[in-house]
Amino acid sequence: MIGIFGAGVVGSRVAESLSGDPQIQISVYDSSQVVAQRLARRLHETNGLIQATSRTELFGAKVVVLAGSSPHAPVAKELLERDVSVVSTSDDIADCLNLLALSELANKKKATLVIGAASSPGMSGLLVRNISKSFDSIDEVHIALHGTGGPACARQHHRALSGQSIGWHDGEWLRRPAGSGRELCWFPEPLGAYDCYRGELPDPLLIKRAFPELSRVTARVSATRRDRVFARMPMLIPPRAEGGMGGLRVEVRGTKNGERVVDVVGVAERVGQVAGVVSGCVARSISVGEIAQSGAFVLGESALPNEIILGQVLARGVQAHSFVRA
Amino acid sequence: MKLLRRALLALSVASAVAGVLRFKGKGVGAIKQGGWRKITDQK
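What you see is a predicted model, and the numbers here were worked out from it, not measured in a lab.

**Describing the nonpolar core**
General note: in soluble globular proteins, nonpolar side chains tend to be found buried as a group. Residues and elements named next belong to chain A. Core analysis: the largest hydrophobic core is formed by 100 residues, its most contacted members being Leu113, Ile115, Met123, Leu127, Val282, Leu299 and Val313. It is helix α10 (residues 271–287) that contributes the most residues to this core, 9 residues altogether. If we skip the residues at most four places from it in the chain, Ile115 touches Ser88, Cys96, Leu99, Leu100, Leu206, Ala296, Phe297, Val298 and Leu299. Counting residues in hydrophobic clusters, the runner-up holds 6 residues, among them Phe187, Leu191, Cys196 and Ala268.

The following block contains the structure:
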């Protein structure tokens, strides 16, 4: 049984991506029982084994996807203590650090904890691993994200522009004010170019863990002037139910045949959709035993079957593009 | 009165310049060199 904790935008996308397989038993929990029941009813035709459940019933699942708003660490700890594997979609630095600290507990309980299985982080790690195969060695990764998923993601985006960004630079973690370091980043069509700024994003932390050989890792997020001006104030206007078309851009630098090479891959899709499909595919891999190792992992790590997971993500309709020079 | 007239003149010149830059500026167009190619499932 696969459990889904949270039936918002990401949670419903996880359920949709898993419901394609009628053999998988899915249990959905949400703090609002009506929302979980509505989602289960909607997908009941495609998967007769989906049901809304209570929080305690999730303890009987083999793996649970945490698709609600952060923090995920307390819930993950609760689940790991009951030998349940966890897939977290958290994109909050402090929460990701707290989740990484649960590695020992996961090992002790012989459970798997996958951290940052969303769009960025998550899909970014899968793309870096995929693109790194065409290099002899890679030493730089630069990530840019455009758009938001549900309201919780939009709030996190708002917070990300007001904190401190972290980046790995030649052997040390550099802290810079979020909202600085403007860079024009090109995303796959139909998105085009957006100004992106440093943000308080966990990507550098998790990418560096998956690829220890890297000497530089940065992460940026797109923002308008209004986003940057109001970032340090409370969110005055409530976020929309779901953000529009989003994008992810992954730039990898390294060497190939003794030459310096830069490759860029990207995704143009709703951020919530990417996050839901990625976390759903990771949960399915744990459920069927493709990921059997215990401990804490991040996507892109060589211990995980990244190629299989990326293949499943692409097969579920998320389109990745690589930039080709004329 | 003189000050007001000067302020209005400065404002109108500033808006004319901003308008020219906004509508006649080059801006960011489509990618001229290269493009995006879909990555297919490699299985």
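**Observations regarding the interface of chain A and chain B**
Listed by partner, the interface residues are 22 residues for chain A and 14 residues for chain B. Of the roughly 1600 Å² buried between chain A and chain B on both sides combined, carbon and sulfur atoms contribute 67%. When residues of chain A are sorted by the area they lose upon contact with chain B, Trp186, Phe323 and Val324 of chain A head the list and together hold 31% of the total. Where chain A packs against chain B, one counts 0 salt bridges. The interface formed by chain A and chain B includes 4 residue pairs in polar contact (both at pLDDT 80 or more). Secondary-structure elements contributing two or more residues to the side of chain A that touches chain B are β10 (183–187), β14 (259–270), α11 (306–315) and β16 (320–324) of chain A. Take the side of chain A that touches chain B: its biggest share by element is 5 residues, from β16 of chain A.

**Examining the sheet that holds strand β6 (residues 112–115) of chain A**
All names here are of chain A. Spatially, β3-β2-β1-β4-β5-β6-β15 is the arrangement adopted by the 7 strands of the open sheet, whose pairing is parallel. In the strand order of this sheet, the two ends are held by β3 (50–52) and β15 (295–298), each with one partner. Geometrically, the sheet is characterised by an average inter-axis angle of 20° between neighbouring strands, direction not taken into account. By the bridge criterion, 4 bridges tie strand β1 (residues 2–5) to strand β4 (residues 63–66) in an arrangement that is parallel. Note that in β4 the partner of Ile2 across the bridge is Val63.

**Points about unusual backbone geometry**
Most of the time, phi is negative for any residue but glycine, and the peptide bond is trans. Residue and element names in this part refer to chain A. Cis geometry marks the peptide bond from Ser70 to Pro71; its omega dihedral reads 10°. When you line up the elements, Pro71 lands in the loop between β4 and α3 (73–81). Cis rather than trans, the peptide bond between Ser120 and Pro121 has omega equal to 10°. Locating Pro121 in the fold gives a position in the loop between β6 and α6 (123–132). Look at Asp170: it is not a glycine, yet its phi comes out positive at around 50°. Residue placement: Asp170 occurs in the loop between β8 (164–169) and β9 (172–177). Classification of Asp170 as partly exposed rests on a relative accessible area of 44%.

Rules used in this analysis
- Residues numbered from 1 in each chain as written.
- Chains lettered and ligands numbered in written order.
- Predicted model: local features only at pLDDT ≥ 70, side-chain atom pairs only at ≥ 80, totals over all residues.
- Heavy atoms only, no water.
- Core = buried A, V, L, I, M, F, W, Y, C linked by side-chain atoms within 4.5 Å.
- Buried < 20%, exposed > 50% of the residue type's maximum accessible area, 1.4 Å probe, protein only.
- Helix = DSSP H or I, 4+ residues; strand = E, 2+ residues; numbered from the N terminus.
- Contact = heavy atoms within 4.5 Å.
- Buried area = accessible area lost by both parts, 1.4 Å probe.
- Salt bridge = Lys/Arg side-chain N within 4 Å of Asp/Glu carboxyl O.
- Polar contact = N/O pair within 3.5 Å; in protein donor to acceptor, adjacent residues only side chain to side chain.
- Pairing = 2+ DSSP bridges.
- Axes fitted to C-alpha atoms, helices over the stretch in contact; angles between N-to-C directions.

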